[in-house]
Amino acid sequence: MSEKRYDFKALEAKWRPTWQEQGLYKTGTDSNKPKYYVLDFFPYPSGDGLSVGHCRNYVPTCVIARYMRMKGYNVLHPMGWDAFGLPAENYAIKMKVQPAVTTRRNTDNYRRQMQLIEASYDWEREVNSSAPGFYHWTQWFFQLLFNRGLAYQAIGSQWWCPQCKTILANEQVEAGRCWRCDSEVTKKDLKQWYFKITEYADRLLADLDTINWPEPIKLMQKNWIGRSEGAEVVFTADHANHAHPIPVFTTRVDTLFGVTFLVLSPEHPLTMHITAADRKAEVNAYVEKSKRMSEIERMSTEKEKTGVFTGCYAIHPVSGEKIPIWVADYVLMGYGTGAVMGVPGHDTRDFAFAKKYNLPIIEVISPDGKESRSDKIVERDVEACFADYGIMINSGPYSGLTSVEGIEKLCADLEAKNLGKKQVTYKIRDWLISRQRYWGAPIPIVHCEKDGAVAVPETQLPVLLPEIENFEPTGDGRSPLAKVESWVNTTCPQCGGPAKRETDTMDGFACSSWYFLRFTDPHNDQAPFEPVKMNYWMPVDLYVGGAEHAVLHLLYARFWTKVMHDAGLVPFVEPFPKLRNQGMLLAQDGQKMSKSKGNVITPDAVADMHGVDALRVYILFLGPFEGESKWEETGMRGASRFITRLWNLATETISSEIKTQEKSGIDEKVFRRWMHKTIKRVSNDIENFQFNTAVAALMEYINFLYDCRSENGTIAVPMDLWRKGVETFTRLISPIAPFIAEEIWQEVLGNKGQSVHQQPWLTYDENEIAEDQITIVVQVNGKLRDQVVVPVDIAEEPLKQLALSSERVKKFMDGKAVQRVIVVPQKLVNVVVK
């Protein structure tokens, strides 16, 4: 009998180099096997390194990869670095070191930590977005979009972060602040590059129904795309004896007769133009204030609605009545026309606005076609409005029509008079791709006075990012690259005349919009990927990462994939058919882990104290994968004890010296039932991302195995069966706790030279799981009174008699007559008495 002490550090030092030498995690290439591509979101390697919170992503995907290898799949489980972009450059500025240097240092640290937790990546396929061999093809894809008319330059008012000194996309502004440095943002007019993601809005929306993603993520994308079907209606502003048409978009043209005011966005070109002289100061101050707010903040349902009156009026297109024109920040220039009609009787937002500013509220829709008042003006002290479809009232010739009928007829009549038309609008804007920063992929365009913007020829790609000493942003709206005249000045590929390179770099999300394809063929220097290899591995079978990327990376990657499909490069339209989001792991104090709070727990510290296997077990056992959880040191110690119990069980009982002795309630059939039941539970739980219950099943199994032992050192079943039980446990836990599983498999169980990780996954036999006996609940008038153990195949009549003969049941029957006996097979017997 072995008395070898469990030494996790020795096991890790022993097996890690062995597996590396064997190439245990190398991507499978057996053409006879099915494929499985499991991928983590492209991580940015920060200077802080990994916390245990990151392990909530990387450990579960590692378990899936190991499980699928054992199931007989060729598994592609790669890792790379989203190294370009603002975070990396800001960190380099802070450290006063070149970003190439800090990026190399940070990726080395991330790789070391991922190897520490034994994440089973194929490191031969590692990619780095800041390497010329990678961004060569990012630039190639830019040109693909450019040549297809999907990349263009335009002047626009954009979010500007004065701290980062660069333009930000709408998605990168949160509550009026930069998503990276938390500085307050402003607006600046600059000539920028955009991708026409709006041309793919309908397809991006429709294809959400074809993918297996968490519903909240799909809803976030649907809301971001924001497709609305409705009508454009043209009002006319009367200002200084000039008529100014104001088209508005509405999804409820049936409420047109209920319009009591118009609202313009602060950015609307008519806002200041039509404002009365005595109102200009107030309106201008309001406009300036709105510029400092993000669109998300302006659209928040929790924010109190504000506005100012312009002093100007519009003419209603049907009734001819004069309607006051207001300016309000809840109206966005980029959605619809930048003007909305205020219908407080039937829109909750307009209702609140009208109540605040004492504007009329007209009832023009009712549930039953009847007016709630004798006059059409609703009192301003009412508490709610009717916002549903109904019957039109107070709407002239349209009164009595249903909302649906009224919408159709009004649209037709307005179009006939050139006062409106049916229309579809979207909230989504074109993707702003320009960044006035150094650390990014150069945009492969040259500007020629004669030929305009010209794509750099493919033979001249990549356009290399030059090494410069001062890479800090200038703050004047130009990239630091603009100062490198030797790089900027070039010749036009078209006419051969003098030209200048584009000095903006690409948003880092461009790199992550295609990196998943590069992993299929990472060393190809002739193309972004070889079609045969890409077709074999793509699309990704399982994609895992944080929900914070719902409307950034995930939307952009879907867009690029559809463009590639249209160009004939890929045969699919969705890159990630199955997506899972891990929950957040909070620190022990219940707060988000943060260096500034001093509550970050690193995998290095935990692995040093408890071992990698125990860390992996605890990460998986914390709770449901998608749920938020909190780090508890007591739980970590519990996971460590569990691993030690496995070690002690295996090393103390796998011996020819161990004797067999019968034990009540445990026989060979019960033992096999536990084995097969546990195989089934663990298999199903891993398949369904229920890692916490998979670990729980193993904990229950080890408790059973300990119950099979007696204090005198004997076991309840023959040694060959006992060994099979320990082997089963070892193989089941191997994707979860790889080091101890390998040591037990090879050294304790004697399978030297045969890695447990290369064994086939165990299968279960339902016949072995079937119970011989079951426990039946016995009720009297629906209340639990007894439980009886019976054969699983007992007939209904003997079961009834057994229940009626129970002394406890007789006690509660109390001599009353039995009305009937209800039997629910294999579950309960209910005796109804009266």
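Just so you know, the residues in each chain are numbered from 1, in the order the chain's sequence is written. Whole-chain, interface and lining totals are the exception, using all residues; otherwise, since this is a predicted model, local features are given only for residues with pLDDT of at least 70 and side-chain atom pairs are given and counted only at 80 or more. Hydrogen atoms and water are omitted, and side-chain values are computed over all heavy atoms in the structure.

Here we come to the packing of helix 21 (residues 691-707) against helix 22 (residues 719-733). Helix axes use the C-alpha atoms of the stretch in contact, all axes being lines fitted to C-alpha atoms, and the angles between their N-to-C directions lie in the range 0 to 180 degrees. Secondary structure is summarised from DSSP: a helix means a run of H or I of at least four residues, a strand means a run of E of at least two, and numbering begins at the N terminus for each. Two elements in contact, helix 21 and helix 22, have axes whose closest approach is 11 Å; the angle formed by their N-to-C orientations is 160°. For the element pair helix 21 / helix 22, the angle class is roughly antiparallel. Both helix 21 and helix 22 take part in a crossing whose hand is left-handed. Here helix 21 contributes Leu698, Tyr701, Ile702 and Leu705 to the contact with helix 22, which in turn contributes Trp722, Gly725, Thr728, Phe729, Leu732 and Ile733. Just so you know how the angles are binned, under 35 degrees is roughly parallel, over 145 roughly antiparallel, 65 to 115 roughly perpendicular, and the rest oblique. Two helices cross in a left-handed way if the nearer one is turned anticlockwise from the farther one by less than a right angle. They cross in a right-handed way if the turn is clockwise. Any pair of residues with heavy atoms lying within 4.5 Å of one another is described as a contacting pair.

The next subject is the pattern of salt bridges. Salt bridges are counted wherever a side-chain nitrogen of Lys or Arg sits within 4 Å of a carboxyl oxygen of Asp or Glu. Enumeration over the complete set of coordinates arrives at 38 salt bridges. Lys71 is the salt-bridge partner of Glu687, the closest N and O atoms lying 3.9 Å from each other. With Glu687 in helix 20 (residues 668-687) and Lys71 in the loop between helix 2 (52-70) and strand 2 (74-76), the pair connects residues that are 616 residues apart, well separated along the chain. What makes Glu687 partly exposed here is its relative accessible area of 38%. Throughout this description, buried means an accessible area under 20% of the type-specific maximum (1.4 Å probe, protein chains only), exposed means over 50%, and partly exposed covers the range between. For Lys71, a relative accessible area of 39% corresponds to the partly exposed category. Via salt bridges that share partners, Lys14, Glu743, Glu747 and Lys752 belong to a single interconnected network.

Where helix 18 (residues 612-621) meets helix 23 (residues 738-748), the axes come as close as 7 Å, and the angle between the chain directions of the two elements is 125°. Taken together, the axes of helix 18 and helix 23 are oblique relative to one another. Each of Val612, Asp613 and Arg616 in helix 18 lies in contact with helix 23, whose residues at this interface are Pro738, Phe739 and Ile740. Across the contact of helix 18 with helix 23, the residue classes tally to four nonpolar, no polar and two charged. Gly is put with the polar residues, along with every residue not named as nonpolar or charged; the nonpolar set is Ala, Val, Leu, Ile, Met, Phe, Trp, Tyr, Cys and Pro, and the charged set is Asp, Glu, Lys and Arg.

Bringing the sheet that holds strand 32 (residues 773-780) into the picture now. With respect to topology, four strands assemble into an open sheet ordered 33-32-35-34, the strand pairing being mixed. Looking at the sheet topology across the chains shown, the edges are occupied by strand 33 (783-791) and strand 34 (818-824). On average, each strand axis in the sheet is inclined to that of its neighbour by 20°, with strand direction left out of account. Pairing of strand 32 with strand 35 (residues 828-833) involves four bridges; the strand directions are parallel. Bridge pairing in strand 35 places Val777 opposite Leu828. Sitting on the sheet, helix 25 (residues 796-804) is in contact with strand 32, strand 33, strand 34 and strand 35, with an inclination near 125° to strand 34. Any two strands between which DSSP finds at least two bridges are classified as paired.

Let us now look at the sheet that holds strand 23 (residues 445-448). As summarised here, the arrangement of the four strands in space is 24-23-26-25, forming an open sheet in which the pairing is antiparallel. Strands at the two margins of the open sheet, each flanked by one partner only, are strand 24 (452-455) and strand 25 (489-491). Direction aside, the axes of adjacent strands within the sheet are offset by 40° on average. In the sheet, strand 23 pairs with strand 24 via four bridges, with the strands oriented antiparallel. Note that in strand 24 the partner of Val446 across the bridge is Val454.

Along strand 14 (residues 322-327), five of the six residues are buried, which leaves the element largely enclosed by surrounding structure. The pairing of strand 13 (residues 308-315) with strand 14 spans five bridges and is classified as antiparallel. Directly across from Tyr313, in strand 14, lies its bridge partner Pro324. If you look at the hairpin formed by strand 13 and strand 14, you'll find six residues sitting between the two strands, and Gly320 has a positive phi there, around 80°.

The next subject is the packing of aromatic side chains. Within 6.5 Å between ring centres, the rings of Phe, Tyr and Trp (the latter by its six-membered ring) count as paired, and their orientation is classed by plane angle as stacked under 30 degrees, edge-to-face over 60, tilted in between. The final tally for this structure, using the stated rule, is 54 aromatic pairs. Plain terms: the ring middles of Tyr6 and Trp647 are 5.7 Å apart, the flat faces sit at 40° to each other, and that makes the pair tilted. Of the two residues, Tyr6 is situated in the segment before helix 1 (8-22) and Trp647 in helix 19 (residues 633-653); the sequence distance between them amounts to 641 residues. Trp647 carries the same exposure label as Tyr6, and that label is buried. Pairing Trp326 with Tyr357 gives two aromatic rings, centres 4.8 Å apart and planes at 50°, and the pair type is tilted. Residue Trp326 is located in strand 14, and its partner Tyr357 is located in helix 11 (residues 348-357); the two are separated by 31 residues in the primary sequence. Remark: a charge is flagged as sitting over a ring if the NZ atom of Lys or the CZ atom of Arg is within 6 Å of the ring centre and within 35 degrees of the ring normal. When the ring centre of Tyr313 is taken as reference, the NZ or CZ atom of Lys322 above it lies at 4.9 Å. A cation over a ring is seen here: Arg645 above Tyr706, with NZ or CZ 4.2 Å from the ring centre.

In plain terms, two cysteine sulfur atoms within 2.5 Å form what is called a disulfide here. Summed over the entire model, instances satisfying the criterion amount to zero disulfides. No disulfide involves Cys492; its sulfur sits 3.8 Å from that of Cys495, the nearest cysteine. Residue Cys492 is classed as buried on the basis of its relative accessible area of 3%.

Counting 99 residues, the largest nonpolar core has Trp631 and Trp722 as the members making the most contacts within it. Among all residues touching Trp631, those that are not within four sequence positions of it are Val52, Leu585, Leu586, Ala587, Gln588, Met593, Ile601, Val606, Leu615, Tyr618, Ile619 and Met636. Note on terminology: a nonpolar core comprises buried Ala, Val, Leu, Ile, Met, Phe, Trp, Tyr and Cys residues joined through side-chain atoms within 4.5 Å. Counting residues in each nonpolar core, the second largest holds 86 residues, with Trp439, Leu461, Leu481 and Phe529 among its members.

As a further point, take the environment of Phe141. With respect to the element layout, Phe141 can be found in helix 5 (residues 132-147). Accessibility expressed as a relative area gives 1% for Phe141, which makes it buried. When the C-alpha atoms of Phe141 and Ser319 are compared, they prove to be 53 Å apart, with 178 residues separating the residues in sequence. Each residue touching Phe141, except ones within four places of it in the same chain, is listed here: Trp514, Pro528, Phe529, Trp560, Met564 and Leu569.

To continue, consider the side chain of His676. On the secondary structure map, His676 appears in helix 20. Identification of polar contacts relies on pairs of N or O atoms within 3.5 Å, with a donor-acceptor requirement for protein atoms, meaning one able to donate a hydrogen and the other able to accept it, and with residues adjacent in sequence counted only if both atoms are side-chain atoms. Reaching out from His676, the side chain makes a polar contact with the backbone nitrogen of Asp765 at a distance of 3.0 Å. Among residues more than four places away in sequence, those in contact with His676 are Thr763, Tyr764, Asp765, Glu768 and Ile769.

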